[in-house]
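Structural overview for review
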Amino acid sequence: MGIGWNKKTLKEMLGESKALFKETGHYMGLKKLPVKESDPLKYERLFSRIRGTVVGARETALHISASPIVRELGELCFTLYSPEGDSLALSTGIIVHVHTMSEAIKWMIENNYEDEVGLKEGDIFTNNDALIGDAHTSDVQSIIPVFYKDELIAWVGSVTHVMEIGGVDAGGQPVTTTNRFGDGLYFSCEKVGENDKLYRTYQIRADRNLRGSTYWHLDEKARLAGCRIIRDSLKPIIDEFGVDYYKKFIREIIEEGRQVFQARVKERLFPGRYRAAQFYDGSTKGSPVATERMITERLMHAPVELTVTSEGIFKMGMSGASKWGFTPLNSSLPAMQAGLWVTAAQMLAYDGRINDGAYYATETYFPYGSWANPDWPYVSLASTWGPLMVTYNAVYRCMARAFFSRGFREEILCGYGHNNLLQYGGTDQYGKPLGGINFEMCASGMGSRGIMDGLDTGYSMWNPESDMGNMEIWELSFPQVYLGRRITPDSGGFGKYRGGSGFHSTLLMWGSNDIQLAGGGPGRCPNNCGIFGGYPGAPAIRKTVYAHATNMPDIIKNKLPYPSYEGDTRRQNVVDMLKGDVHVDDTSVLVPMPFKPYDVFVMFWNGGPGYGDPLERKLDLIEGDLNNGFTLDFSSKAVYGIEASRDRESGVWTIDKDKSMDLRNKIKEKRAERAVPTRTWMKTERERILRKDIYGPILTMYRDSMTISPDWASEY
Ligand code: MN
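Okay, so let's go over this structure.

Relative to the assigned elements, His-504 resides in strand β17 (residues 503-509). Residues His-504 and Ser-444, 60 residues apart in the sequence, show an inter-C-alpha distance of 9.8 Å. Aside from chain neighbours lying at most four places away, what touches His-504 is Gly-484, Arg-485, Arg-486, Ile-487, Thr-488, Tyr-565, Glu-566, Val-602, Met-603, Phe-604 and Trp-605. Polar side-chain contacts of His-504 include one of 2.8 Å to the side chain of Thr-488.

See the structure below:
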């Protein structure tokens, strides 16, 4: 006798569900939605009650936690699942997790948890194993079963991004780990509590194996409180509507999600095959303490192919993705799928109704053996987001072209700025072990839209409600003082509509003699591309600027000017204004590096890509950019083709219209002189490829791609 419906086991229920979908192409074989059709208002009322419950639980729960990631940034999410583990409603927040916990629940069902582990009301499971169902190791999930009378009626899942996971280096996403064993604590759908109470032994494990466990416990309390709120609210709702109605409803809401997603694809995206390539600089060369296996220069390949059929079938594939590596820059299958759901939730199904119906409406292909679907079970999955984010920039671009071709210009979003990484280790200002991450990274620049500029300093693709958090919160959390935060000029890609700008923070280390900083970003390689002539956001100017043994004590004592922002992109204020050991580094992975009080570190957060030819940008918009510090005079002259002058007294920039028109015409003439037909260019490039006249790490990358994906190789 099982704990499922009508005494079935969960395994039987899941098996039936899979078979019905395979047979009919409809969730649970539902070709029609009789419950919805017979009384649409009742159906909507139940959905809004459930949706309200999961959103409300999140709003309450985030105030229980004190970790700045959860409380300030809202890095948490709640989802309600069917007994088989299909999501029917999710909260706001890190909606990248619409599907990850579904995989985790199904994994528990398929691995006989019902018989071998036991499932009862009050049980608590923790998972952060991305090969089972998660985005990466520092996304920690709490999952609870919900029983109605004697039957398992639902699962509730919750996830937060934690500050510290006990990896080989501090802060949740260790950058020097070369395999799973350096990633930190792994919980593989582990039972960690019963009767709504965590095992004391589990809490001791966290206390003894993390660099500070206060935030861990508080985040967990937030997750569990939200799960409890949802569980306790769900039962009166089921009482009110009747359990038979609820059971029929959850089948229909998922099939409806599938049908609506397909209809939306059909309506919004022009059928065709869309392709885009993106690359990730995963090098650690030049870093002073890189581990042996990572010391090479490495370029990763993230080719994307999106196929939209006239019936509204949406297929995403990554044939040609390069091999996984002994670095944290790998992804699991559930994480890659998670990337697709968060993309779909923002670009196509943004009415709050997205559920696993969307999963059933799409097809994906990630080649086995590539970094996006590794064939080694001990691969590191600590910093999945590096290559994952560049991949979905390519997907955004494919979708932008498909929207454009249908005429939905206002739906176009051509990508986003890569969210770099800054982590802290050592000892904090309170004398305790330090492990944490600065989540102001959530406020990177959004890509431009098809009708307007991108949002400045306010976007991360996994959490559309992102924020940078107050500086004071990051000063409380880490041994540092902010000397300033400012927009980075020209960080948003140039274009008719420009990408959203990124920003940078100038940090003075403070309060501890044992500070380690580590981080990462796309280094020397653009992490996005503009479309229709727009420029990429500017990782090219993204640098790690830092200074050891500075004269900051003298500067403070004598009240002299100090660097509070980057200044001219060609020459940093830190370089000009500080004495000491000053570095400007362009490596993509910054391995943990020691810092002392009065050292200075400038952290850059990227801008988004642009849309359309910069020479078509309206002059008054450029004037506004100049006066607001979004662009600089020398760069806007070169790219936008404008002549501007600055009033000595007021400091206000004014653009000379006639001179600018002349300059724009000259630039166009120069372009025509340099231009070659695409066919000719491709021919030259082909010859270069056949000669293997390619830089070593790039040759290695293509060799891997061709070995793993022969289909891609023959077409290439
Ligand atoms: Mn995360």
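From this point, the discussion proceeds with the structure in view.
This next bit is on a nonpolar patch on the surface. Judged by side-chain polarity, Val-676, Trp-681 and Met-682 come together as a nonpolar surface patch covering roughly 340 Å² of accessible area. Mapped onto the fold, Met-682 is located in helix α20 (residues 678-690).

A few words now on the packing of aromatic side chains. If you walk through the whole model with that rule in mind, you get 35 aromatic pairs. Here the aromatic rings of Tyr-113 and Phe-125 are separated by 5.9 Å at their centres, their planes lie at 45 degrees, and the arrangement is tilted. Residue Tyr-113 is found in helix α6 (residues 113-117), and its partner Phe-125 is found in strand β3 (residues 124-127); the two are separated by twelve residues along the sequence. The same class applies to Tyr-113 as to Phe-125, namely buried. Aromatic pair Tyr-702 and Tyr-716: ring centres 5.0 Å apart, planes at 15 degrees, arrangement stacked.

The next subject is the pattern of salt bridges. With the rule as written, the count across this model stands at 47 salt bridges. Between Arg-353 and Glu-44 there is a salt bridge; the shortest N-O distance is 2.7 Å. Of this pair, Arg-353 sits in the loop between α11 (333-347) and α12 (357-360) while Glu-44 sits in helix α3 (residues 40-61); the two residues are 309 residues apart in sequence, bridging distant segments of the chain. Glu-44 sits in the partly exposed class, given a relative accessible area of 29%. Between Asp-351 and Arg-264 there is a salt bridge, and its shortest N-O distance comes to 3.7 Å.

What follows is about the coordination of the manganese ion. Every protein donor of the manganese ion is accounted for by His-136 (NE2), Asp-139 (OD) and His-161 (ND1), and the metal-donor separations fall at 2.1 to 2.2 Å. Overall, the relative accessible area of 3% leaves Asp-139 in the buried class.

Once that is clear, we can look at the packing of helix α10 (residues 243-268) against helix α13 (residues 385-406). Contact geometry for α10 and α13: axes closest at 8 Å, N-to-C directions at 65 degrees. Contacts from Lys-266, Glu-267 and Arg-268 in α10 reach Ala-402, Phe-403 and Arg-406 in α13. Residue composition of the contact of α10 with α13, by class: two nonpolar, no polar and four charged.

Our next topic: the sheet that holds strand β7 (residues 197-198). Spatial strand order, β2-β1-β5-β4-β3-β6-β7: seven strands in an open sheet with antiparallel pairing. In this open sheet, the two edge strands, each paired with only one partner strand, are β2 (87-90) and β7. Here strand β1 (residues 76-81) pairs with β2 via three bridges, running antiparallel. Across the sheet, the residue bridging to Leu-80 is Ala-89, located in β2. Running over the sheet, α3 touches β1 and β2 and is turned about 150 degrees from β1.

Within a regular strand, the side chains alternate between the two sheet faces. Note that strand β11 (residues 304-308) and strand β12 (residues 314-317) share four bridges and pair antiparallel. Paired with Leu-306 across the two strands is Met-316, which belongs to β12. Connecting β11 to the next strand, β12, in antiparallel fashion are five residues, including Gly-312 with a positive phi near 90 degrees. As defined by bridge partners, β12 adjoins strand β13 (residues 362-365) across four bridges and the pair is classed as parallel. Opposite Met-316, over in β13, you have Thr-364 as the bridge partner.

What follows deals with the state of the cysteines. Evaluated as defined, the whole model comprises zero disulfides. No disulfide involves Cys-77; its sulfur sits 11 Å from that of Cys-227, the nearest cysteine. Considering cysteine sulfurs only, Cys-529 is the nearest to Cys-414, which forms no disulfide, with 10 Å between them. By relative accessible area, which is 0% here, Cys-414 ends up buried.

Attention now moves to the sheet that holds strand β18 (residues 515-520). One open sheet holds the four strands; their spatial order is β15-β14-β18-β21, and the pairing between them is antiparallel. Looking along the sheet, the strands with just one partner apiece sit at the ends: β15 (433-437) and β21 (589-595). Taken over all neighbouring pairs, the strand axes of this sheet differ in orientation by 15 degrees on average, direction set aside. Pairing between strand β14 (residues 421-427) and β15: five bridges, direction antiparallel.

Parameters at a glance
- Residues numbered from 1 in each chain as written.
- Predicted model: local features only at pLDDT ≥ 70, side-chain atom pairs only at ≥ 80, totals over all residues.
- Heavy atoms only, no water.
- Helix = DSSP H or I, 4+ residues; strand = E, 2+ residues; numbered from the N terminus.
- Contact = heavy atoms within 4.5 Å.
- Polar contact = N/O pair within 3.5 Å; in protein donor to acceptor, adjacent residues only side chain to side chain.
- Patch = residues over 30% accessible without salt bridge, like charges linked within 9 Å, V, L, I, M, F, W, Y side chains within 5 Å.
- Areas by Shrake-Rupley, 256 points an atom, 1.4 Å probe, with all protein chains shown as cover.
- Salt bridge = Lys/Arg side-chain N within 4 Å of Asp/Glu carboxyl O.
- Phe/Tyr/Trp six-rings, centres within 6.5 Å; stacked < 30°, edge-to-face > 60°.
- Buried < 20%, exposed > 50% of the residue type's maximum accessible area, 1.4 Å probe, protein only.
- Donors = N, O, S within 2.8 Å, 3.2 Å for Na, K, Ca; no water.
- Axes fitted to C-alpha atoms, helices over the stretch in contact; angles between N-to-C directions.
- Nonpolar A, V, L, I, M, F, W, Y, C, P; charged D, E, K, R; others polar.
- Pairing = 2+ DSSP bridges.
- Disulfide = S-S within 2.5 Å.

On their own, these measurements won't tell you what the molecule is for.
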